[in-house]
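Spelled out from the first residue to the last, the chains are:
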Amino acid sequence: MAEKVINAVDLLLSKLDKKQLADFIRKECSNSMQFQDRFLSLGVGTIFKPNPEIYASRVEDLIYEYGGRHGYIEYSDTFAFNRAVSRILDEADEAMEKGQWEVAVAILTGIASVSEEILNSGDDSAGELGAIVSDCFEKWYEICDNESISKDLKAEIFELALSKFNNRDLKGWDWWWDWMEMAIALADTPENQSRVMKSLDAIKPNSDDWSSRFNANTALKFKLKMMSRCVSEEDQIKFMYDNVANPDFRKSLLQLAWEKADYDEVLRLAKDGVSQDADYGGLVRDWLKWEYKVYHALGDRNNELLLARHFFFKGGRWGEKEYSMESMYYALKSLIPQNEWSKYVETLISEANGKREIGHILFIYTQEKMWNEYMEYIRKNPSTYDIDNSPKEVKKLFKNEIIKLYASAVRSFFQRASDRKSYREGVSLLRKLIIYEGKKEAEQIVAEQKSRTPRRPALIDELSKL
């Protein structure tokens, strides 16, 4: 359809003379400011000097248009708004392809100047508003990385980026730091590098809240990035030691010490981290991992055992197999003499009981094939969930009892069920009961439910599907 329309446009253009086109364009420009702006943009960089305010105004007009009478862009309209602003960003792409860098910079500067307005203009649940700002910065980086840009224009962009950062433009969003990223990339003189460092020095923690701490640590990381361009590696390492409270610096220093097999230094840095970051569980876990690595490398059985037990109960981050409950259990088993293992397992179960760590208890029962103990737990907690998740050995050894307990749990479920969704779930449980060879019990439950008064048509309908 679109191709057919374009063909029709091409046909009409071939038939119209210059005067007819000129009259049409003048008329449309007088009737539509948006059409006028788009038409005049054809002369930017050749006839007219690029003006960022024009592009900022075009975006503001779109915010007004899509905001409707309430001045707020609804979720359903953000996609169309994104496409409309993206067409302006496309003009920046066209300018870059033609080498019209001043035009591209004017477009991006204009859009950047109203970025906060864009982000606050409506419901960004779908991320369409933020995507506009991200796309704008992607084009900024493309320009900054281009070696054909004139020195004067790069200096202009540097001034803009540093000014935006100093004026806290987009502060509160990660894009604020994109201004600094650009400034560092373009700081090619000692004077400008010094100005960047001064701007970063101004970012200091002024309270104990997470945001202030995050910004201060991020500023330190950017200072190191700036230093990597103008000072020696030794000075960079010294800077990290001087600011070792920064978690990223501590991690880098730990890695450096580890690669040198300087285990004493690894332990010192890790223990200091545990002390300094005692209120931050995730960081403490990271530093303890480094301690564990050292103890394992040195064969320090006692300390390795203590930390393996710690990680068995605390675990690592999600998806971190090395420090998972299972991995740490095998580590413990490798550290304890075989003739002492059964007594050690008792201490693990005791600790798990004290901490009410049911998952750990059942894991131990499974690993040690403690089927009687596992079944005793099910007797005390006869839920369909616990039975379904019990080992197949337990279900086989205690089959008859499992059927009775599961049937009882299903019967209780139906007593609470009150809508079609729950009836459907109950039928699913009945299917599992039959798989456990409890067909007789399932039929009895079905008969009981069908005879309930008052009659429940939805329940009977779902049961009929069994």
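What you are looking at is a predicted structure, and each value in this text was computed from that prediction instead of being measured.

Thoughts on the overall build of the protein chain
For the protein chain, the helix and strand inventory stands at 27 helices and zero strands. Restricting to contacts in the protein chain with at least 6 residues of sequence separation, those with at least 24 account for 56%. Carbon and sulfur atoms make up 51% of the accessible area of the protein chain, which totals about 26,900 Å².

Quick look at a negative patch on the surface
On the surface, Asp90, Glu94, Glu97, Glu142 and Asp145 cluster together into a negatively charged patch. Tallying contributions element by element places helix α5 (residues 78-97) first for the negative patch, with three residues. If you trace the backbone, Glu94 turns up in helix α5. Accessibility expressed as a relative area gives 43% for Glu94, which makes it partly exposed.

A closer look at helix α9 (residues 151-166)
In this model, α9 (16 residues) spans 22 Å end to end at C-alpha, consistent with the 22 Å of a helix rising 1.5 Å per residue. Among the residues making up α9, those that are buried are Leu153, Ile157, Phe158, Leu160, Ala161, Leu162, Lys164 and Phe165. On its buried face, α9 sits against α6 (101-113), α8 (128-144), α10 (175-186) and α11 (190-201). Backbone geometry just downstream of α9 places Arg168 in the positive-phi region, at approximately 60 degrees.

Looking at the layout of surface pockets
There is about 390 Å³ of room inside the largest pocket. Looking at the largest pocket, it is lined by 20 residues, and the ones nearest its centre are Pro205, Ala216, Asn217, Leu220 and Ala245. Elements with a minimum of two residues in the lining of the largest pocket: α11 and α12 (210-227). With six residues, α12 is the single largest residue contributor to the lining of the largest pocket.

Things to note about the side chain of Thr109
Its place among the elements puts Thr109 in helix α6. Residues contacting Thr109, with those up to four places away along its chain left out, are Pro52, Trp140 and Leu160.

Concerning unusual backbone geometry
The backbone of Arg168 shows a phi angle near 60 degrees, a positive value even though the residue is not glycine. Tracing the sequence through the fold places Arg168 in the loop between α9 and α10. Classification of Arg168 as partly exposed rests on a relative accessible area of 32%. Phi at Ala261 is positive, roughly 60 degrees, even though this residue is not glycine. On the basis of relative accessible area, Ala261 is assigned to the partly exposed category, the value being 44%.

Section: the packing of α10 against α11
Where α10 contacts α11, the axes come no closer than 10 Å and their chain directions differ by 155 degrees. If you check the angle between α10 and α11, you find them roughly antiparallel. α11 is crossed by α10, and the crossing has left-handed handedness. Residue-level inspection shows Trp177, Met180, Ala183 and Ile184 of α10 in contact with α11, the latter providing Val196, Ser199 and Leu200.

Some points on the environment of Asp262
Relative to the helices and strands, Asp262 resides in the loop between α14 (247-259) and α15 (263-276). Along the primary structure Asp262 and Val294 are separated by 32 residues, whereas in three dimensions their C-alpha atoms are 9.6 Å apart.

Section: the pattern of salt bridges
A full pass over the atoms with the stated rule returns 27 salt bridges. A salt bridge links Glu159 to Arg195, with the nearest nitrogen and oxygen atoms 2.8 Å apart. Residue Glu159 is found in helix α9, and its partner Arg195 is found in helix α11; the two are separated by 36 residues along the sequence. With its nearest N and O atoms 3.0 Å apart, the salt bridge here joins Glu437 to Lys399.

Basis of the calculations
- Residues numbered from 1 in each chain as written.
- Predicted model: local features only at pLDDT ≥ 70, side-chain atom pairs only at ≥ 80, totals over all residues.
- Heavy atoms only, no water.
- Helix = DSSP H or I, 4+ residues; strand = E, 2+ residues; numbered from the N terminus.
- Contact = heavy atoms within 4.5 Å.
- Areas by Shrake-Rupley, 256 points an atom, 1.4 Å probe, with all protein chains shown as cover.
- Patch = residues over 30% accessible without salt bridge, like charges linked within 9 Å, V, L, I, M, F, W, Y side chains within 5 Å.
- Salt bridge = Lys/Arg side-chain N within 4 Å of Asp/Glu carboxyl O.
- Lys, Arg positive; Asp, Glu negative; His and termini not counted.
- Charge placed at Lys NZ, Arg CZ, Asp CG, Glu CD.
- Buried < 20%, exposed > 50% of the residue type's maximum accessible area, 1.4 Å probe, protein only.
- Expected span 1.5 Å × (residues − 1).
- 1 Å grid on protein atoms, 1.4 Å probe; cavity = no way out; pocket = protein on both sides within 12 Å on 5 of 7 lines; lining within 4 Å.
- Points joined across faces, edges and corners; volume = space filled by probe spheres on them.
- Axes fitted to C-alpha atoms, helices over the stretch in contact; angles between N-to-C directions.
- Parallel < 35°, antiparallel > 145°, perpendicular 65-115°, else oblique.
- Left-handed = near helix turned anticlockwise from the far one by under 90°.

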